[in-house]
Amino acid sequence: MWLAGMAVNSTSQLFKSLLVTSELIDGQNRGRLASSSLYDICTRVHDCILKSGMDQNPYVANKLMRVYIRCGKVQDARHVFDKLVKKNVFNWTTMIGGYAEHGRPADAIEVYNQMRQEGGRPNEVTYLSILKACACPVGLKWGKEIHAHISHGGFRSDVPVQTALVNMYAKSGSIKDARLVFDEMAERNVITWNVMIGGLAQHGFGQEAFSLFLQMQEEGFVPDSTTYLSILTATACSSAGALGWVKEVHRHAVKAGFDSDMRVCNALVHVYSKSGSVDDARLVFEGMLDRDVISWSAMIGGLAQNGCGHEAFSLFLKMQREGVIPNVTTYCVMYSRGMQ
DNA sequence: CTAGGGTTAG
């Protein structure tokens, strides 16, 4: 690690290295630097920041919080946040977003409420962050309150915020409310459609998801890979009669060139098995140029569950010959059924 | 200058 070995002795140098490092992690170099060494740099920079009294600078504090959160050290970020006497909207939003990223809705809502009590004005980004935190079953009761704040706060026509609301309702189990918000939106974008389609599919409403999939195209929106990944979920496709519209979605995917997208193909393999057509699953699988552990596991699972135990096992051997290492899921699907 | 809505495998 070039940064770890670098001679860093002044505060500004350290801070600069922290910024560079966090950008490295953010960008295409993600994963190259171990988060443990980033955390190490981060704590050293933190020391210098404290010594120089810069910890009360909202910009500096925010950068520091972001990097701590990126290392998975939300508690450290919270410490920086709590020490900050004057917090701006970025600090509040970063803290809420940090909890959202780490699936801690109660903590996120605590900070959000504290913000409101202290007279802080949430903006659209703050709402995106808090809604993300509440996008889970326990978050519904808080999500409804935030919905009211958003309606009163003048964010009724903000497409990202309204989309985040649709997502929050869908993920927290209230698909009817998700649909209500969606239907009332005057303006939408592809993400809005993807969220609604994915929500319906996740709740088992495959037919409804499919009709929205058609409707979005009638309205001039072009489905992207996320649209396909969202609609092709097992719950939506395992219901009776799903095979028909799944094939239709498949045809669209091929026409749009997504038959070369590994993730889309993985979803197709999985979903064809679930809707009862191992033959179609096999066809997609065999046509794939690249296959990862998910592709292999999906195909093996499909075979095992459809009474083709021997073929599943020989595929399990083949994947390893091709250098793909099985993981827990691979073993789970292999021994789930049909392997005797 | 800083925070950011959606995404595939028991």
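Residues numbered from 1 in each chain as written. Chains lettered and ligands numbered in written order. Predicted model: local features only at pLDDT ≥ 70, side-chain atom pairs only at ≥ 80, totals over all residues. Heavy atoms only, no water.

As recorded in an unreviewed UniProt entry, chain A goes by Pentacotripeptide-repeat region of PRORP domain-containing protein and comes from Physcomitrium patens.

Q: Before we go on, may I ask you to explain the pattern of salt bridges in this structure?
A: Proximity of charged atoms lets side chains of opposite charge pair with each other. Following the criterion strictly, the structure yields ten salt bridges and no others. When the shortest N-O distance is used, the salt bridge between Asp-82 and Arg-78 registers 3.0 Å. In this pair, Asp-82 and Arg-78 are both assigned in helix H5 (residues 74-83), four residues apart and thus about one turn of the helix distant. Linking Glu-311 and Arg-282 is a salt bridge whose minimum nitrogen-to-oxygen distance equals 2.6 Å. Here Glu-311, found in helix H20 (residues 309-321), pairs with Arg-282, found in helix H18 (residues 278-287); they are 29 residues apart in sequence, far enough to count as distant. Judged by relative accessible area, Glu-311 falls into the partly exposed class, the value being 29%. Several salt bridges share partner residues, and in doing so they unite Arg-78, Asp-82 and Glu-110 into one network. (Salt bridge = Lys/Arg side-chain N within 4 Å of Asp/Glu carboxyl O. Helix = DSSP H or I, 4+ residues; strand = E, 2+ residues; numbered from the N terminus. Buried < 20%, exposed > 50% of the residue type's maximum accessible area, 1.4 Å probe, protein only.)

Q: Help me understand the protein's contact with DNA strand B in this model?
A: The environment of DNA strand B is made up of 35 residues, and the closest members are Asn-123, Asn-194, Asp-224, Arg-263 and His-270. Take the atoms of DNA strand B that sit within 4 Å of the protein: sugar and phosphate atoms are 43% of them. Between a base nitrogen of DNA strand B and a main-chain N or O atom of Pro-160, the distance comes to 3.0 Å. Between DNA strand B and the protein, one listed contact pairs a base nitrogen with a side-chain N or O atom of Thr-226 at 3.3 Å. (Near = heavy atom within 4 Å. Polar contact = N/O pair within 3.5 Å; in protein donor to acceptor, adjacent residues only side chain to side chain.)

Q: Any chance you could explain the side chain of Thr-227 here in plain terms?
A: With respect to the element layout, Thr-227 can be found in helix H14 (residues 225-231). Among all residues touching Thr-227, those that are not within four sequence positions of it are Val-190, Asn-194, Ile-197, Phe-213 and Met-216. (Contact = heavy atoms within 4.5 Å.)

Q: I'm lost on the state of the cysteines in this one. Help?
A: Simply put, disulfide is the name for a covalent bond between the sulfur atoms of two cysteines. Per the stated rule, a full pass over the model turns up zero disulfides. No disulfide involves Cys-48; its sulfur sits 12 Å from that of Cys-42, the nearest cysteine. For Cys-48, a relative accessible area of 15% translates into the label buried. A disulfide-free cysteine, Cys-134 has its sulfur positioned 6.8 Å from the sulfur of Cys-136, the nearest such atom. A relative accessible area of 0% places Cys-134 in the buried class. (Disulfide = S-S within 2.5 Å.)

Q: Could you clarify how one ought to interpret the packing of H5 against helix H6 (residues 89-101) in this entry?
A: Helix packing for two helices is described by the angle between their axes and how far apart those axes are. The contact between H5 and H6 brings their axes to 10 Å, and the two run at 160°. If you check the angle between H5 and H6, you find them roughly antiparallel. Between H5 and H6 the crossing geometry is left-handed. Each of Val-74, Ala-77, Arg-78 and Phe-81 in H5 lies in contact with H6, whose residues at this interface are Asn-91, Trp-92, Met-95, Gly-98 and Tyr-99. A class-by-class count of the residues in the contact of H5 with H6 yields six nonpolar, two polar and one charged. (Axes fitted to C-alpha atoms, helices over the stretch in contact; angles between N-to-C directions. Parallel < 35°, antiparallel > 145°, perpendicular 65-115°, else oblique. Left-handed = near helix turned anticlockwise from the far one by under 90°. Nonpolar A, V, L, I, M, F, W, Y, C, P; charged D, E, K, R; others polar.)

Q: It is not clear to me how the environment of Cys-237 should be interpreted in this structure. Could you clarify?
A: Mapping Cys-237 onto the fold places it in helix H15 (residues 234-237). Owing to a relative accessible area of 0%, Cys-237 belongs among the buried residues under this scheme. For the pair formed by Cys-237 and Gln-207, sequence separation is 30 residues and the distance between their alpha carbons is 9.1 Å. Among residues more than four places away in sequence, those in contact with Cys-237 are Ile-231, Leu-232, Ala-242, Trp-245, Val-246, Val-271, Lys-274 and Ser-275.

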